[in-house]
Amino acid sequence: MTDATAAGVRAMVGRNFEVYKKTWKVNALPPLAEPFLYLIAMGYGLGALIEEVQGIPYIRFIAPAIVAITMMQTAFMETTYSSYVRMYFQKTWDAVMATPLTPTDILWGEVLWAAFRATINAALMSLVVAAFGLLSYPTAFLIPVLAFAIGMMFAGIGLYVSSRVRVIDQFSYAFFLFITPQFLFSGTFFPLEQLPDAARAVAVALPLTHAVQLVRGAALGDWPDIAPWSVVYVAVAAYVVPALAVRTMRRRIVH
Amino acid sequence: MTAVQARGLTKRFGGLTAVDGIDLDIPEGVCYGLLGPNGAGKTTTIRMIQAVSPPSDGRLTVLGLDAATDGRTLRGRVGVVPQEDNLDPDFTVRDNLRIYARFYNVPGDQADARADELLTFLNLEEKRDARIDELSGGMKRRLVVARSLMNDPKMLILDEPTTGLDPQARHALWDTIRRLRRQGKTILLTTHYMDEAEMLCDELVVIDRGRILEHGDPRGLIAKHCGSEALEFVTDEDTQKMDAIVAALDGVPHERLPDRVVAYGSGLEGLQHRIRDAHDVDESVLRRATLEDVFLRLTGRALRD
Ligand SMILES: Nc1ncnc2c1ncn2[C@@H]1O[C@H](COP(=O)(O)OP(=O)(O)OP(=O)(O)O)[C@@H](O)[C@H]1O
Ligand SMILES: [Mg+2]
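Rules of the game
- Here the residue numbering is sequential within each chain, running from 1 through the sequence in written order.
- Written order determines the labels here, with chains lettered from A and ligands numbered from 1.
- The predicted nature of this model means local features are confined to residues of pLDDT at least 70 and side-chain atom pairs, given and counted, to a pLDDT of 80 or more, with totals for whole chains, interfaces and linings taken over all residues.
- Hydrogens and water are ignored here; the side-chain numbers use all heavy atoms of the structure.
- A run of H or I in DSSP counts as a helix once it spans at least four residues, and a run of E counts as a strand once it spans at least two, with each numbered from the N terminus.
- Based on C-alpha atoms, the radius of gyration is set beside the globule rule, defined as 2.2 Å times the residue count to the power 0.38.
- Per-residue accessibility, obtained with a 1.4 Å probe over protein chains only, is compared with the maximum for each type, and a residue is labelled buried under 20%, exposed over 50%, and partly exposed between these values.
- The contact criterion used throughout is that any non-hydrogen atoms of two residues lie within 4.5 Å.
- Surface exposure here means Shrake-Rupley accessible area, sampled with a 1.4 Å probe, where a residue is shielded only by the protein chains that are shown.
- When charges are counted, Lys and Arg contribute as positive and Asp and Glu as negative, whereas His and the chain ends are disregarded.
- Charge coordinates come from a single atom per side chain, which is NZ of Lys, CZ of Arg, CG of Asp or CD of Glu.
- Salt bridge, as used here: a side-chain nitrogen of Lys or Arg that lies within 4 Å of a carboxyl oxygen of Asp or Glu.
- A pair of strands counts as paired when DSSP detects no fewer than two bridges linking them.
- Seen with its strands pointing away from the viewer, a crossover is right-handed if its path from the first strand over the helix to the second goes clockwise.
- Just so you know, the domain bounds were taken from an automatic or database domain assignment.
- Nonpolar core, defined: a set of buried Ala, Val, Leu, Ile, Met, Phe, Trp, Tyr and Cys residues in which side-chain atoms within 4.5 Å join the residues together.
- Proximity criterion: a residue is near a molecule or strand once any of its heavy atoms comes within 4 Å of it.
- Under this definition, polar contacts are N or O atom pairs within 3.5 Å; protein pairs additionally need one hydrogen-donor-capable and one acceptor-capable atom, and for neighbouring residues in sequence, both atoms have to be side-chain atoms.
- Here the term charged refers only to Asp, Glu, Lys and Arg, the term nonpolar to Ala, Val, Leu, Ile, Met, Phe, Trp, Tyr, Cys and Pro, and the term polar to all other amino acids, Gly among them.
- Every residue is assigned a pLDDT by the predictor, reflecting its confidence on a scale from 0 to 100.

A few points about the overall build of chain A
Working step 1: Secondary structure summary: chain A contains 10 helices and two strands in total.
Working step 2: In sequence order, chain A lays out its α and β elements as α-α-β-β-α-α-α-α-α-α-α-α.
Working step 3: A compact globule built from 255 residues would reach a C-alpha radius of gyration of about 18 Å, and chain A, at 18 Å, matches this within 12%.
Working step 4: In terms of overall dimensions, chain A has a C-alpha envelope of 60 × 40 × 35 Å along the principal axes.
Working step 5: Per-residue burial for chain A yields a buried fraction of 54% across its 255 residues.
Working step 6: In chain A, 80% of the contacts between residues at least 6 apart in sequence involve partners at least 24 apart.
Working step 7: When the accessible area of chain A is evaluated, it comes to approximately 11100 Å², of which 69% is carbon and sulfur surface.
Working step 8: Positive and negative side-chain charges of chain A, numbering 17 and 14 respectively, have mean locations separated by a distance of 12 Å.

Quick look at the structure:
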């Protein structure tokens, strides 16, 4: 964070938050509506056939996964499409670079905003999940904290992808090759143990796997054996990945 | 004090040298013009002066601050109207100013007051709640000028502020620029309109291919390169007639174009009568020499880019 300042990063986060607030009703709707769809379709519909997974009702198994997936998607969407639009089409970053803020301020601001937005969405979604009676307390109160760290990790990956992309359509590859497989295979809708050994080894390397393990642990109040490793994975990635992404993106925008 | 001092300022993009070791001394409180054809390196120079683009080589001091090490402070004291409008489409007119103030750490109530003051100054009060895509080109330009003044800068950098504006909007912006200069701000201006530069600039440089060709005040440059008058003889693209006119000029500095010959000097009226009477000339015009004549003589007539 060589030349970032707290005031600068805060100003950039503030700018994005102002935009969010202007249309907050539209922005808050999806994270409130989506869990209904998932919990009804998969929890009750599919759950009626599956009954129990790892000793818990299927709906309890997938509810935390849906929240973890939202953290991933919100943060990744923000630093891919949204940041790219601000950078490339709206020239928002160019305008801000003429002010005392440095490119590093701007980029950390984008990452923190994305993590912040992931936290908002995960918290809203958790309210619905709680209304279904699917959360254990007090561990469930850790979900926003996890959301922020997990958001940082995926925001960093998204910003890195943005620093490499030449046309906006290339993001669809990132979603198809990175987001969708994680959505399906990270211990989200069925346990990792169901995967063949080789596939499981790959799954364990994926960031969403660790996000799901931790969010599920917090939601159920019952931590899996892998939890300490997942904490280390997320904690390290939450700083290292954005730091790397900020550096590569900085090289792209300073010329 | 000097507002900008550059020594050997250079910018390379890969194999291309966009700015090639230029020296600049811009005094405080003047309106200074940076002129040059497309691709000359004006915007690149400006981006280095505003401490957004790091120079490849050379030393650069702006308002007494080293651009390489004091960028943050420097940007806080300079206002910029970039060549391309980059207003924030996510916000209304007034919010564009209010949000921008945050980046300068201007407290909220002060920012509100300043935004309203500048909207009045630039005749935009009626549009305060409009969206950016509802504004005309001239209004957008004025809003960018307002935004560049939110931090009450000591120096204002305007990169082609009047390109694409109608005459009314240009004149209004000229008035604004003159008022800001009277307030004591240093103004650095680029433009492709030579009448504008001649009228507004106390001093200017002409650059081409990243190098300085000439600098001075507009009147001095005109006197030096063209004298006081330009005399144009128009023909119907007939080479023989043109040859005859050129011969009759007998060494007076001139330029030859497809359908006309332009001679430069002072007291050319006698020459005009002599040539008009003795040769087949469709039209002859004796006019004041302008900065545009100087510019074309210095940079040639070949198209750039
Ligand atoms: N980021 C960049 N990467 C590579 N080349 C660049 C970059 N920015 C500018 N150039 C090149 O540097 C040269 C100078 O460009 P610059 O924009 O400074 O010209 P200019 O004098 O402002 O021209 P115009 O009047 O058209 O605005 C041009 O050849 C341009 O293509
Ligand atoms: Mg330019």
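Anyway, onward from the coordinates.
Quick look at the environment of I132 of chain B
Residue and element names in this part refer to chain B.
Working step 1: The residue I132 is located in the loop between α4 (108-121) and α5 (137-148) in this model.
Working step 2: Given the relative accessible area of 7%, I132 is considered buried.
Working step 3: Between the C-alpha atoms of I132 and K224, which are 92 residues apart in sequence, the distance is 46 Å.
Working step 4: Once residues within four sequence positions are removed from consideration, I132 is found in contact with L87, D88, P89, F91, V93, N96, K140 and L143.

Structural notes on the pattern of salt bridges
Residues and elements named next belong to chain B.
Working step 1: This structure, assessed with the given rule, holds 38 salt bridges over all chains.
Working step 2: Across the pair K185 and D152 runs a salt bridge, and its minimum N-O distance is 2.9 Å. With K185 in the loop between α6 (167-182) and β8 (186-190) and D152 in the loop between α5 and β7 (155-159), this pair connects stretches of sequence that are 33 residues apart.
Working step 3: The buried category is assigned to K185, whose relative accessible area is 9%.
Working step 4: For D152, a relative accessible area of 48% gives the class partly exposed.
Working step 5: Through salt bridges with shared partners, a single network forms among E232, D259, R260, R287 and D293.

Section: the pairing of β7 of chain B
Residue and element names in this part refer to chain B.
Working step 1: With five of five residues buried, β7 is to be regarded as a mostly interior element.
Working step 2: Where strand β6 (residues 78-81) lies against β7, four bridges are found, and the strand directions are parallel. What sits directly across from V80, in β7, is I157.
Working step 3: Where the polypeptide runs from β7 across α6 and back to β8, its parallel neighbour, the crossover connection is right-handed.

Thoughts on the domain arrangement of chain B
Many authors give the size of an interface as the accessible area that is lost as the parts come together.
Working step 1: When the domains of chain B are assigned, the result is domain 1 (2-222) and domain 2 (228-289).
Working step 2: Relative to domain 2 of chain B, the C-alpha centre of domain 1 of chain B lies at a distance of 40 Å.

Here we look at the nonpolar core
Working step 1: W93 and I150 of chain A together with L143 of chain B are the most contacted members of the largest nonpolar core, which totals 136 residues.
Working step 2: Among the elements that make up this core, the one with the highest residue count is helix α3 (residues 58-89) of chain A (16 residues).
Working step 3: Among the domains, domain 1 (2-222) and domain 2 (228-289) of chain B are the pair contributing at least three residues each to this core.
Working step 4: One finds A6, V62, L63 and I207 of chain B within the second-largest nonpolar core, a separate group that totals 29 residues.

A look at the site of ligand 1
Residue and element names in this part refer to chain B.
Working step 1: Lining the immediate surroundings of ligand 1 are 15 residues, of which G39, K42, T43, T44 and Q83 lie closest.
Working step 2: One of the backbone nitrogen or oxygen atoms of G41 is found 2.9 Å away from an oxygen atom of ligand 1.
Working step 3: Contact between ligand 1 and E160: an oxygen atom at 3.4 Å from a side-chain N or O atom of the residue.
Working step 4: Isolated, ligand 1 exposes 630 Å² of accessible area, and the fraction of that covered by the protein chains is 66%.
Working step 5: Broken down by class, the residue content of the shell around ligand 1 amounts to five nonpolar, eight polar and two charged.

Quick word on the confidence of the model for chain B
Working step 1: Confidence in the prediction for chain B averages 95 pLDDT; 100% of positions are at 70 or higher.
Working step 2: Scoring of the predicted complex yields 0.94 for pTM and 0.92 for ipTM.

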